[in-house]
Amino acid sequence: MNTMLRKSILGIAGLTVAGGLAAGPLNHDSTPAPRESTVAVQTRLDTAALIPHGVQGAQSRIDLNDEQTANVKAIIAATKKAGMDERAAVVSIATSLQESKLENLGHLGDRNDHDSLGLFQQRPSSGWGTPEQITDPEHSTLAFLKGLTQVDGWQDMPLTQAAQTVQVSAYPDAYAQWEQQAADLVAQHWNS
């Protein structure tokens, strides 16, 4: 079992025991309950481990609204459903940050790049699925991840190279700017 997963499991187990003792009838001492910030640190993933190559270049960051946060959670859920790890979620979220700012975009008229839709700006004419499928966060994430698994050695590549190999963007280096925020989001939401 890898160290990160083991620490997460042990942290959750420790929280379960501590929570049971604090809430149960045997809690008669005056020891204060653990502070919330301590609990968050115990269950949160290490972002440095999610960025094995270090960030490439200047980093961008945006504030997320409720819809964008829901899309982050949908990407993480689909990544888990595909049986892939946290790094795959980081690559997926960084890609979606670049392509759509984590907004599930419909057809944008003249501002649209051909027939690109959804979180990953996938195109029905390129075989990513129907417009309805592409605008479904689970389907679009699973389609992206399927493409990612077809890239030999994606786990050992810098994020921007892995994402570009799947997406074939006109701006191949643009994905790198979102790696830190993507890692932070995975660390925050992977265990929630």
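These figures come from a predicted structure and were not determined experimentally. (Residues numbered from 1 in each chain as written. Predicted model: local features only at pLDDT ≥ 70, side-chain atom pairs only at ≥ 80, totals over all residues. Heavy atoms only, no water.)

A.B. asks: An account of the overall build of the protein chain is needed here, citing residue identities and associated values.
C.D. replies: On a plain count of helices and strands, the protein chain comes out with 9 helices and 0 strands. Going residue by residue from the N terminus, the α and β elements of the protein chain occur as α-α-α-α-α-α-α-α-α. For the protein chain, buried positions account for 36% of its 192 residues. In the protein chain, 65% of the contacts between residues at least 6 apart in sequence involve partners at least 24 apart. Here the protein chain displays about 10,500 Å² of accessible surface, and carbon together with sulfur accounts for 53% of that area. (Helix = DSSP H or I, 4+ residues; strand = E, 2+ residues; numbered from the N terminus. Buried < 20%, exposed > 50% of the residue type's maximum accessible area, 1.4 Å probe, protein only. Contact = heavy atoms within 4.5 Å. Areas by Shrake-Rupley, 256 points an atom, 1.4 Å probe, with all protein chains shown as cover.)

A.B. asks: Describe the packing of aromatic side chains, and please don't skip the residues or the numbers.
C.D. replies: By the definition in use, this model includes 1 aromatic pair. Between F120 and F144, the ring centres sit 5.0 Å apart and the planes meet at 10°, which makes this aromatic pair stacked. Taken together, the residues span a long stretch of sequence, with F120 in the loop between helix 5 (86-100) and helix 6 (131-134) and F144 in helix 7 (residues 137-149) at a distance of 24 residues. Accessibility expressed as a relative area gives 0% for F120, which makes it buried. In this structure, K80 packs its charged tip against the face of W190, placed 4.8 Å from the ring centre. (Phe/Tyr/Trp six-rings, centres within 6.5 Å; stacked < 30°, edge-to-face > 60°. Lys NZ or Arg CZ within 6 Å of the ring centre and 35° of its normal.)

A.B. asks: How would you sum up the pattern of salt bridges? Please name residues and give values.
C.D. replies: Enumeration according to the criterion identifies 3 salt bridges in this entry. With a closest N to O distance of 2.8 Å, E138 and K81 form a salt bridge. Of this pair, E138 sits in helix 7 while K81 sits in helix 4 (residues 66-81), and the two are 57 residues apart along the sequence. Residue classification places E138 among the partly exposed positions, given a relative accessible area of 35%. (Salt bridge = Lys/Arg side-chain N within 4 Å of Asp/Glu carboxyl O.)

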